[in-house]
Amino acid sequence: MSNRLLWPLVTLAFLLIANVVHNHDFFSITMKEGHLFGSLIDILNRAAPLVLISIGMTFVIATKGIDLSVGSIVSIAGAMACLLISKQGTSDISTLFMALGIALLLSLAAGAWNGLLVSFLGIQPIVATLILMVAGRGVAQLITNGQIITVSSKPYSFIGGGYLFGLPFSIFIITFFFLIAVILTRKTAIGLFIESVGSNPTASRLAGIRSSSIIFIVYVLCAFLSGLAGIILSSNVSSADGNNAGLWYELDAILAVVIGGNSLNGGRFYLSGTIIGALIIQTLTTSIYSIGVPPEITLVVKAIVVLIVCLIQSDAFRASLAAKRKAKQKNVEQGVTV
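All values derive from a computational prediction rather than experimental measurement.

Engineer: Explain the overall build of the chain residue by residue, including any values.
Structural biologist: From N to C terminus, the chain includes 14 helices and six strands. Its C-alpha atoms give the chain a radius of gyration of 22 Å, near enough to 20 Å, the size a compact globule of 338 residues would have. With the principal axes as the frame, the chain shows a C-alpha extent of 90 × 60 × 40 Å. Expressed as a percentage of its 338 residues, the buried residues of the chain come to 46%. In the chain, of all internal contacts separated by at least 6 residues, the share reaching a separation of at least 24 is 76%. By element, 68% of the accessible surface of the chain is carried by carbon and sulfur atoms, the whole surface being about 16,900 Å². Side-chain charges in the chain split into 19 positive and 12 negative, and the spacing between the mean points of these groups amounts to 12 Å.

Below, the structure written as structure tokens:
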């Protein structure tokens, strides 16, 4: 019961069972033209951008920070990649790599800006990243000139909409980066450094750890993964919308991290829990639309479900319920005795 992954897994299982009750074919997977199709495949595919962003957000939150600019970085990266491809007018591999490289470099620059403000200038993370959250959306609209940029590049569309070995290519992308993140944080000292900075930055600095450098790096990594998520999103629809792309992704990423059993107070983090949290958010979103919830109250229903999940995972809330249950049972026993 003390395992932090227990309640996220229970929540995910409950959502999946609820979907099966509503749609008996929810677990069915079919093969068409060598590609696997089904609700579970769709959830994994659509959750790919959120998973990437949430992994980066996990590192940031582990250092007791927050990054509200990830949605804007998603928009910037997608807009820049689509703009460069559309201007070249070709769909060859060299054009693709050039566009991807510049888009990801722009994302790294955005992360370096956040890291500089937080780690070296000492600005509160929520304020520092709020600056780019607002300004970044404007930058994305400047890149697209306020229009939706469409591209017709098959290599670019393959990133978010292609298939490899029957599965969406985006699933292989998130698997690769998840494994890299696990290896770096659990097989090297990097994970320990991040957790120590989040637990006590002063003690970490006195122990010889460059706290400011660690914080700078996690913001850069978060921005890089957000930029990659923006590329996946824009390639999936072969277009870039500077105004709406990545909108509110920062909130979903934070929720995914928290629902996955990670604490906003920093310190120890659980990447597996983050992945489960992202899948919970995507499954919940899919469930809301599939059962026919009116669009005008979709966000309200989503907020209520997330609140219930957070309460269930709260140790203090469960302890309070247990204490009330024991008190009630004690009163009943005393009444029987009398």
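Next comes the rest of the write-up.
Engineer: Can you explain unusual backbone geometry? Please cite residues and give values.
Structural biologist: Unlike most non-glycine residues, Ser238 shows phi in positive territory, near 55°. Within the secondary structure, Ser238 sits in the loop between helix H10 (211-237) and strand E6 (239-241). With a relative accessible area of 19%, Ser238 lands in the buried category. The backbone phi angle of Trp248 is positive, close to 70°, even though this residue is not glycine. Structurally, the position occupied by Trp248 is in the loop between E6 and helix H11 (249-259).

Engineer: Mind laying out the pairing of strand E2 (residues 35-38), listing which residues take part and the relevant values?
Structural biologist: As paired elements, strand E1 (residues 29-32) and E2 share four bridges and run antiparallel to each other. Bridge assignment links Thr30 to a residue of E2, and that residue is Phe37.

Engineer: Quick rundown of the pattern of salt bridges? Include the residues and the values.
Structural biologist: Taken as a whole, this structure holds two salt bridges when the rule is applied. In this structure, the salt-bridge partner of Glu195 is Arg186, at a minimum N-O distance of 3.1 Å. By relative accessible area, which is 10% here, Glu195 ends up buried. Shared partners join several salt bridges into a network, and the residues in it are Arg186, Glu195 and Arg268.

Engineer: Tell me about the side chain of Thr58, and name the residues and values.
Structural biologist: You can see Thr58 is positioned in helix H2 (residues 39-62). Of note is the side chain of Thr58, whose polar atom sits 2.8 Å from the side chain of Thr274. Not counting residues within four places of it along the chain, the set of residues in contact with Thr58 comprises Val257, Asn262, Phe269, Leu271 and Thr274.

Engineer: Describe the nonpolar core, naming the residues involved and giving the relevant values.
Structural biologist: Leu52, Ile55, Phe59, Tyr156 and Ile159 are the most contacted members of the largest nonpolar core, which has 80 residues in total. Among the elements that make up this core, the one with the highest residue count is H2 (13 residues). Setting aside residues up to four positions removed in sequence, Ile55 forms contacts with Phe178, Ala181, Leu225, Leu271, Thr274 and Ile275.

Engineer: Help me get a handle on a nonpolar patch on the surface, residues and values and all.
Structural biologist: Residues Trp113, Leu116, Phe120, Leu121, Ile126, Val127 and Ile131 make up a contiguous nonpolar surface patch of roughly 670 Å² in combined accessible area. Mapped by element, the contributors of at least two residues to the nonpolar patch are helix H4 (93-120) and helix H5 (125-144). By secondary structure assignment, the location of Leu116 is in helix H4.

Engineer: Report on H10, specifying residues and quantitative values.
Structural biologist: Taking 1.5 Å per residue as the helical rise, H10 with its 27 residues ought to reach 39 Å, and the 40 Å between its terminal C-alpha atoms agrees with that figure. Count one or two residues on from H10 and you reach Ser238, which has phi positive near 55°.

Engineer: Lay out the packing of aromatic side chains with the relevant residues and their values.
Structural biologist: Applying the stated criterion across every chain yields a total of seven aromatic pairs. Centre to centre, the rings of Phe158 and Phe169 are 4.9 Å apart; their planes meet at 40°, and the pair counts as tilted. Taken as a pair, Phe158 in helix H6 (residues 154-161) and Phe169 in helix H7 (residues 169-186) lie far apart in primary sequence, 11 residues in all. In this structure Phe158 comes out as partly exposed when scored by relative accessible area, which is 33%. Phe169 sits in the partly exposed class, given a relative accessible area of 22%. Between the aromatic rings of Phe177 and Phe224, the centroid separation amounts to 6.2 Å while the plane-to-plane angle is 55°, which identifies the pairing as tilted. Highlighted residues: Phe177 in helix H7 and Phe224 in helix H10, separated in sequence by 47 residues. Phe224 sits in the partly exposed class, given a relative accessible area of 22%. Here the aromatic cluster, defined as three or more aromatic residues joined through ring pairs, consists of Phe176, Phe177 and Phe224. Above the plane of the ring of Phe269 lies Arg186, whose end atom (NZ or CZ) is 4.4 Å from the centre.

Reading guide: rules and limits
Residues numbered from 1 in each chain as written. Predicted model: local features only at pLDDT ≥ 70, side-chain atom pairs only at ≥ 80, totals over all residues. Heavy atoms only, no water. Helix = DSSP H or I, 4+ residues; strand = E, 2+ residues; numbered from the N terminus. Rg over C-alpha atoms; globule rule 2.2 N^0.38 Å. Buried < 20%, exposed > 50% of the residue type's maximum accessible area, 1.4 Å probe, protein only. Contact = heavy atoms within 4.5 Å. Areas by Shrake-Rupley, 256 points an atom, 1.4 Å probe, with all protein chains shown as cover. Lys, Arg positive; Asp, Glu negative; His and termini not counted. Charge placed at Lys NZ, Arg CZ, Asp CG, Glu CD. Pairing = 2+ DSSP bridges. Salt bridge = Lys/Arg side-chain N within 4 Å of Asp/Glu carboxyl O. Polar contact = N/O pair within 3.5 Å; in protein donor to acceptor, adjacent residues only side chain to side chain. Core = buried A, V, L, I, M, F, W, Y, C linked by side-chain atoms within 4.5 Å. Patch = residues over 30% accessible without salt bridge, like charges linked within 9 Å, V, L, I, M, F, W, Y side chains within 5 Å. Expected span 1.5 Å × (residues − 1). Phe/Tyr/Trp six-rings, centres within 6.5 Å; stacked < 30°, edge-to-face > 60°. Lys NZ or Arg CZ within 6 Å of the ring centre and 35° of its normal.

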